[in-house]
Amino acid sequence: MAKLVGINSMYVPVFNSKVNTGLGFAIASALVKSVYEELKSNGKVDRAYAGVAFQDLTPDLAAMLRCPRKTAGVLVTEVAPNSPAQAAGVHVKDIIQQFNGQAVANSIQLRELITFSAAKLRSSVR
């Protein structure tokens, strides 16, 4: 049984090879489905906006910040002026360990949690 996991969005061929090789990039099928459903029902796609930049909290970064090396979460690296994050009191060097009650393990997970949040502060993309 075949299962769709992504839709190709770009392919970069490698020409120095005797076989057909290259790098392929894809959009996750779950994202495509959610965008399709939202466009179908609302005519637009709404996504939450936090106004914060972040990176994975590594053991070395945690130690540098005087936290236990096993501290899990995401390190805030930038907070946009007049953003929802700034209004909520988020600061550079804060460590985000939960979002809406869900534990945050890495930056990819936090980005998805923010993107698909039902937060009232949203930006619309048409």
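Refer to the structure above for everything that follows.
Residues numbered from 1 in each chain as written. Predicted model: local features only at pLDDT ≥ 70, side-chain atom pairs only at ≥ 80, totals over all residues. Heavy atoms only, no water.

1. A look at the side chain of Ser107
Formally: Numbering of helices and strands runs from the N terminus, with a helix taken as a DSSP run of H or I at least four residues long and a strand as a DSSP run of E at least two residues long. Exposure classes here rest on a 1.4 Å probe applied to the protein chains alone. A residue is buried below 20% of its type maximum, exposed above 50%, and partly exposed in between. Here a residue-residue contact requires only that any non-hydrogen atoms of the pair lie within 4.5 Å.
Summarising the element assignment, Ser107 is placed in helix α4 (residues 107-115). Here Ser107 falls in the buried class, since its relative accessible area comes to 11%. Setting aside residues no more than four positions away along its own chain, Ser107 makes contact with Phe54, Gln55, Asp56 and Val74.

2. Here's the deal with the side chain of Thr71
Using the following cut-off: Whenever two N or O atoms come within 3.5 Å, that pair is a polar contact, provided that in protein one can donate a hydrogen and the other can accept it, and provided that, for residues adjacent in sequence, both atoms are side-chain atoms.
Within the secondary structure layout, Thr71 lies in the loop between α2 (59-64) and β5 (74-79). The exposure class of Thr71 is buried, given its relative accessible area of 16%. Among the polar contacts listed, one links the side chain of Thr71 to the backbone oxygen of Pro68, at a separation of 2.6 Å. In this view, Thr71 contacts Leu57, Ala62 and Gln97; residues no more than four positions away in its chain are not counted.

3. Thoughts on the nonpolar core
One broad rule of soluble globular proteins: the nonpolar side chains tend to lie buried together. So the rule is basically this: Residues grouped as a nonpolar core are buried Ala, Val, Leu, Ile, Met, Phe, Trp, Tyr and Cys residues, joined through side-chain atoms within 4.5 Å.
Residues Val52, Phe54, Val104, Leu110 and Ile114 are the most contacted members of the largest nonpolar core, which totals 13 residues. Elements supplying a minimum of two residues to this core: β4 (52-56), β5 and α4. In this view, Leu110 contacts Phe54, Val74, Ile96, Phe99 and Val104; residues no more than four positions away in its chain are not counted.

4. Overview of α4
In an α-helix there are 3.6 residues to a turn, and that puts residues three or four apart on one side. Just so we agree on the cut-off: Here the arc refers to the directions that run from the helix axis out to each C-beta atom.
When α4 is considered as a whole, its buried residues turn out to be Ser107, Leu110, Leu113 and Ile114. Around the axis of α4, the buried residues are gathered within 120 degrees of arc, so they sit on the same side. On its buried side, α4 packs onto β3 (45-48), β4, β5, β6 (95-96), β7 (98-99) and β8 (102-103). Capping the start of α4 is the job of one residue whose side-chain oxygen sits 3.2 Å from the backbone nitrogen of Ile108: Asn106.

5. Comments concerning the sheet that holds β5
We apply this condition: For two strands to pair, DSSP has to find at least two bridges joining them. Orientation is described by lines fitted to C-alpha atoms, with helices fitted over the stretch in contact, and by angles between N-to-C directions that extend from 0 to 180 degrees.
Taken together, the three strands give an open sheet; going across it, the order is β4-β5-β6, and neighbouring strands pair in antiparallel fashion. In the strand order of this sheet, the two ends are held by β4 and β6, each with one partner. As paired elements, β4 and β5 share five bridges and run antiparallel to each other. Bridge pairing links Phe54 to Val76 in β5. The sheet strands contacting α4 are β4, β5 and β6, and the helix crosses β4 at an angle near 150 degrees.

6. Some remarks on the pattern of salt bridges
Test applied: One side-chain nitrogen of Lys or Arg within 4 Å of one carboxyl oxygen of Asp or Glu is enough to make a salt bridge.
Within this structure, the stated rule accounts for one salt bridge. Close ionic contact of Arg69 with Asp60 constitutes a salt bridge, the shortest N to O distance being 2.9 Å. Taking relative accessible area as the criterion, Arg69 reaches 46% and is therefore assigned partly exposed.

7. Examining unusual backbone geometry
A positive phi is found at Arg66, a non-glycine position, where the angle reads about 65 degrees. Looking at the secondary structure, you find Arg66 in the loop between α2 and β5.

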